[in-house]
Amino acid sequence: MSARILVVDDVPANVRLLQDKLEREYYEVFTANGGREALEKVRRVKPDIVLLDVMMPDINGIEVCHRMKADPALAHIPIIMITALDAPEDRLRGLKAGADDFLSKPINDTDLFVRIRALLRRKMLVDELLAGSGEGADDTLERLLPLVDDQQPARISLIDDGDLLRPRIEQALRGRHQVAVVAPQAVANLEAGGCCDLIVLNLDLHSADGLRICALLRS
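What you see is a predicted model; the values in this text were computed from it and never measured.

Analysis parameters
- Residues numbered from 1 in each chain as written.
- Predicted model: local features only at pLDDT ≥ 70, side-chain atom pairs only at ≥ 80, totals over all residues.
- Heavy atoms only, no water.
- Helix = DSSP H or I, 4+ residues; strand = E, 2+ residues; numbered from the N terminus.
- Expected span 1.5 Å × (residues − 1).
- Buried < 20%, exposed > 50% of the residue type's maximum accessible area, 1.4 Å probe, protein only.
- Arc of directions from axis to C-beta.
- Core = buried A, V, L, I, M, F, W, Y, C linked by side-chain atoms within 4.5 Å.
- Contact = heavy atoms within 4.5 Å.
- Pairing = 2+ DSSP bridges.
- Axes fitted to C-alpha atoms, helices over the stretch in contact; angles between N-to-C directions.

### So, helix α1 (residues 12-24)
Inference 1: Taking 1.5 Å per residue as the helical rise, α1 with its 13 residues ought to reach 18 Å, and the 18 Å between its terminal C-alpha atoms agrees with that figure.
Inference 2: Those residues of α1 lying buried are V15, L18, K21 and L22. Taken down its axis, α1 places every buried residue within 135° of arc, on the same side. Opposite the buried face of α1, at more than 90 degrees from it, the exposed residues are P12, R16 and R24.
Inference 3: Of the residues trailing α1, Y26 is marked for its positive phi of about 70°.

### Here's the deal with the nonpolar core
Inference 1: One finds V8, V50, L52, M68 and M81 to be the most contacted residues of the largest nonpolar core, which totals 22 residues.
Inference 2: The set of elements that each furnish at least two residues to this core consists of β1 (4-8), α2 (35-45), β3 (49-53), α3 (61-70) and β4 (79-83).
Inference 3: At four residues, the largest contribution of residues to this core is made by α3.
Inference 4: Setting aside residues up to four positions removed in sequence, M81 forms contacts with L52, V54, G61, I62, C65, G94, A99, D101, F102 and L103.
Inference 5: Counting residues in each nonpolar core, the second largest holds 18 residues, with L18, I49, L51 and L103 among its members.

### Describing the sheet that holds strand β5 (residues 101-104)
Each strand in a sheet pairs with another by means of backbone hydrogen bonds, the pair being arranged parallel or else antiparallel.
Inference 1: The strand order across the open sheet formed by five strands is β2-β1-β3-β4-β5, and the pairing between neighbours is parallel. Either end of the sheet is taken by a strand with one partner, and the two such strands are β2 (28-32) and β5. In this sheet, neighbouring strand axes are inclined to one another by 20° on average, regardless of whether the strands run parallel or antiparallel.
Inference 2: Taken together, the four bridges between β1 and β3 define a ladder with parallel strand orientation.

That's the geometry; what it means functionally is another story.
What follows is the structure, encoded as structure tokens:
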């Protein structure tokens, strides 16, 4: 799965609708039917993003957001607040509580997935920084090379459409290994189980969604 998403809403029909949409896009979905359950699950599941309804009977979405952003272990998890309230003061309350984005009901599918992808990319960068691994191309090569046995030539598919990492990875691997650069649009043509020994995928692609390609490869 490309990402773990927690959907929080006290209306079961809303939860089922969002869950179906997200699972069709290869996301792994968890659900909570109120603010109290959401706070418990977000600590246990460690989602990559939270879709949070504002109006809930036990603990409302504003308070859930405030508590998450006040907890250092949860503060980096993006929150999209989903609300039928569209007044500027309502959005201001959410922003002050730490919400990363808003969606108004009824939800537009295009808006939903664009905002999810944007926040997931940002979270990946934050996760790398928190792990101390955001040093760029040199760090990428340093972590990649130990995966390849220099004594045994490997077939490597490199999925990338940019000019930053691709030339350096090719230079580091060619001569000892067979490196095939694959355009994102040609990923569907890779032969399952027989195309290569290792796939290197740049998630920051220009012409496609790297997370989407990762999910397609896994499926």
